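# Examination of the molecular architecture
The chain contents come next:
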Amino acid sequence: MRGKWSAAVVLGLTAVLTTGCTLVGGGSNDDAGATVTLVTHDSFAAPQQVLDAFQQQTGIKIAVLKKGDAGALTNSLVLTKANPIGDVAYGIDSTFASRALSEGIFESYTSPEADRGPQRYAVDSEHRMSAVDLGDVCLNVDTNWFTERNLPAPTGYDDLTDPRYKDLLVVENPATSSPGLAFLLGTIAKYGEQGWQAYWQKLKDNGVQSVSGWEEAYGQDFSGSSGKGPLPIVVSYASSPAAEIGDDGKPRTKALLDTCYRQVEYAGVLAGTKQADKAHKVIDFLLSQQFQATVADSMYVYPARDGVALPKAWADAAPLPRDSASLPADQVQSGRERWIGQWRSLLGQ
C-alpha cells in the first residue's frame, strides 16, 4: 500500500470471499461464468465500474487473490509454480523480477497494448512480464515538522548522516519489505559495492530506525501521515505526497526526488494455467487505457502506458521523477541475498 484509497474505490470493491478471493466484475454475455484468478499484492485496487465493463465486454470474472507484499507474492508464486494458484499475477516489481524469471513462473505473452509504453520497461526478451505501473521509492519528509523547528529539511542521501538529523529517519527492512529493498538498492546504486556499507554505518551511527514494512513505517512512525508518528523522514514513494494534501490544497509532505529508485510493477500469465487465452485478455486489460487511467487514484502509482493523464493534484505534489536510479536485473539477482545479509549484519537485524 502506498497511500489512502478514495472512498469510492473502497466502497466499490466487493466483499472478500471465505477462500481469500474477491470476485470483481458484473454483467453478463454469452461467455458469462468464466473466471480468471489474478494473484496480487495487498495493494491491488480498481474502480468497480471499470471491472464491470471488462466483464461485460469479455464475459470474464476476475477473482483477486492477495498474497502480501511484492516479496511475499513472489515467494508464494515460486513455491506453488508446480501447481499454480492462479492464472495471472500482478505486483511483482523490478526488485524481484529477476527471481520470478529465473524460477520460470511466467509464460511468454506479448500484449497488443504493450507497445503503448510498457514495452520500454521490458525485463526479458521473451516478454514474460508486462509493465503495469511505476512506483518510485524515495525519501519523504514532513515539511511542516521542519518549518516549525526552523530546521532545513534534508535534500538527499548525504544529509541523513548529518547530526542535525539524528534519530529522525525510519526505513523498512529490505528482508521483509519491497520499498525497504528498493531503498537499499538505491544506496548501492549511489555509493557502489565498495561504499554502501560505510554509508549505512553512518546512518546507523546517526540513529536510523528500521521496521518490518511500509505500513508501520509510514502509517505509524512518520509524522507527516495520518498516524502522526514521531519521525519526520521516511522511506516511501514519490507519489505519497499526493495522499497528504491539506485543506489549503497543498501537500504537507515532500518526496526527495534525488533519492528515488525506479520500481516497476509487472503482470504476467502464470505458467501452467489452463486458461491461457482468457489470461491474455486480463493482461490486455491491465495495460489498457481504461485500467491505466485508474492506477494513480486507486493505488498511488504512475501508469506505465504513454499518454495517460495524472490527477491534477499530482502535477505539483507528485510529479514523476525524471532521473530515478536503477540497477540491472542480473546484478540485482546475483547480489540481492548477499546485500540483504550484509545489511542485516550491519544493522543487527
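Reading the values: the criteria
Residues numbered from 1 in each chain as written. Predicted model: local features only at pLDDT ≥ 70, side-chain atom pairs only at ≥ 80, totals over all residues. Heavy atoms only, no water. Phe/Tyr/Trp six-rings, centres within 6.5 Å; stacked < 30°, edge-to-face > 60°. Helix = DSSP H or I, 4+ residues; strand = E, 2+ residues; numbered from the N terminus. Buried < 20%, exposed > 50% of the residue type's maximum accessible area, 1.4 Å probe, protein only. Salt bridge = Lys/Arg side-chain N within 4 Å of Asp/Glu carboxyl O. pLDDT = per-residue confidence, 0-100. Contact = heavy atoms within 4.5 Å. Arc of directions from axis to C-beta. Pairing = 2+ DSSP bridges. Axes fitted to C-alpha atoms, helices over the stretch in contact; angles between N-to-C directions. Disulfide = S-S within 2.5 Å.

### Focus on the packing of aromatic side chains
Taken as a whole and assessed by the stated rule, the structure comprises 17 aromatic pairs. Seen from their ring centres, F146 and Y165 are 6.1 Å apart, and the 70 degrees between their planes marks the pair as edge-to-face. In this pair, F146 sits in helix 5 (residues 143–148) while Y165 sits in the loop between helix 5 and strand 8 (169–172), placing the two residues 19 residues apart along the sequence. Like Y165, F146 is buried. Taking the centre distance of 5.2 Å and the plane angle of 40 degrees together, the rings of Y218 and F222 count as tilted. In terms of burial, Y218 and F222 fall into one category: buried. Following the ring pairs from residue to residue traces out a cluster consisting of Y157, F183, Y191, Y199, W200 and W343.

### What about the pattern of salt bridges?
Across all of its chains, the model carries 12 salt bridges by this definition. The partner of E103 in a salt bridge is K81, with the nearest N and O atoms 2.9 Å apart. Pair noted here: E103 is in helix 4 (residues 97–103) and K81 is in the loop between helix 3 (70–79) and strand 4 (88–93), with a separation of 22 residues, a long-range link. Residues R128 and E126 are paired through a salt bridge, measuring 3.8 Å at the closest nitrogen-oxygen approach. Members of the salt-bridge network, linked through shared partners, are D124, E126 and R128.

### Side note on the confidence of the model for the chain
On average, residues of the chain score 89 in pLDDT, and 91% of them are at 70 or above. Between residues 3–20, whose pLDDT stays under 50, and residues either more than four places distant or in other chains, the model counts 30 contacts. Segment residues 26–31: pLDDT under 50, and 12 contacts once partners within four positions in sequence are set aside and those in other chains are kept.

### Here's the deal with helix 8 (residues 214–221)
When helix 8 is considered as a whole, its buried residues turn out to be W214, A217, Y218 and D221. Looking straight down helix 8, one finds its buried side chains confined to an arc of 125 degrees; they lie on one side. In helix 8, the exposed positions angled more than 90 degrees off the buried face are occupied by E215 and Q220. Contacts made by the buried residues of helix 8 are with strand 8, helix 6 (178–191), strand 9 (209–211) and strand 10 (233–237).

### Considerations on the environment of D115
Relative to the assigned elements, D115 resides in the loop between strand 5 (106–107) and strand 6 (130–134). The class for D115 is exposed, based on a relative accessible area of 58%. A sequence separation of 172 residues divides D115 from L287, and the C-alpha atoms of the two residues are 9.9 Å apart.

### Some remarks on the sheet that holds strand 8
One open sheet holds the five strands; their spatial order is 9-8-10-7-11, and the pairing between them is mixed. Looking at strand neighbours, the two that pair on one side only are strand 9 and strand 11 (253–261), the edges of this open sheet. When the angles between neighbouring strand axes are averaged without regard to direction, this sheet yields 35 degrees. Bridge count for strand 8 against strand 10 is two bridges, and the pairing is parallel. The partner of L169 across the bridge, within strand 10, is I233. Strands in contact with helix 6 are strand 7 (137–142), strand 8, strand 10 and strand 11; relative to strand 7, the strand with the most contacts, it is inclined by about 100 degrees.

### A word on unusual backbone geometry
Phi at D167 takes a positive value of approximately 65 degrees, unusual for a residue other than glycine. When you line up the elements, D167 lands in the loop between helix 5 and strand 8. For D167, a relative accessible area of 41% puts it in the partly exposed group. Positioned with a positive phi, Y300 is a non-glycine residue whose angle comes to about 55 degrees. Relative to the helices and strands, Y300 is located in the loop between helix 11 (295–299) and strand 13 (302–303). With relative accessibility at 11%, the residue Y300 sits in the buried group.

### A short note on the state of the cysteines
Inspection of every chain in the model, using the stated rule, returns one disulfide. One disulfide bridge connects C138 with C260, the sulfur atoms lying 1.9 Å from each other. A torsion of 100 degrees about the S-S bond marks the disulfide between C138 and C260 as right-handed. Taken together, the positions of C138 in strand 7 and C260 in strand 11 put the pair 122 residues apart, joining distant regions of the chain.

### Section: the pairing of strand 12 (residues 264–270)
Burial analysis of strand 12 places seven of its seven residues in the buried class, the great majority of the element. As paired elements, strand 4 and strand 12 share five bridges and run antiparallel to each other. Note that in strand 12 the partner of D93 across the bridge is E265. Summarising the sheet, strand 6 and strand 12 pair through four bridges and their orientation is antiparallel. By the bridge assignment, A131 is partnered in strand 12 with Y266.

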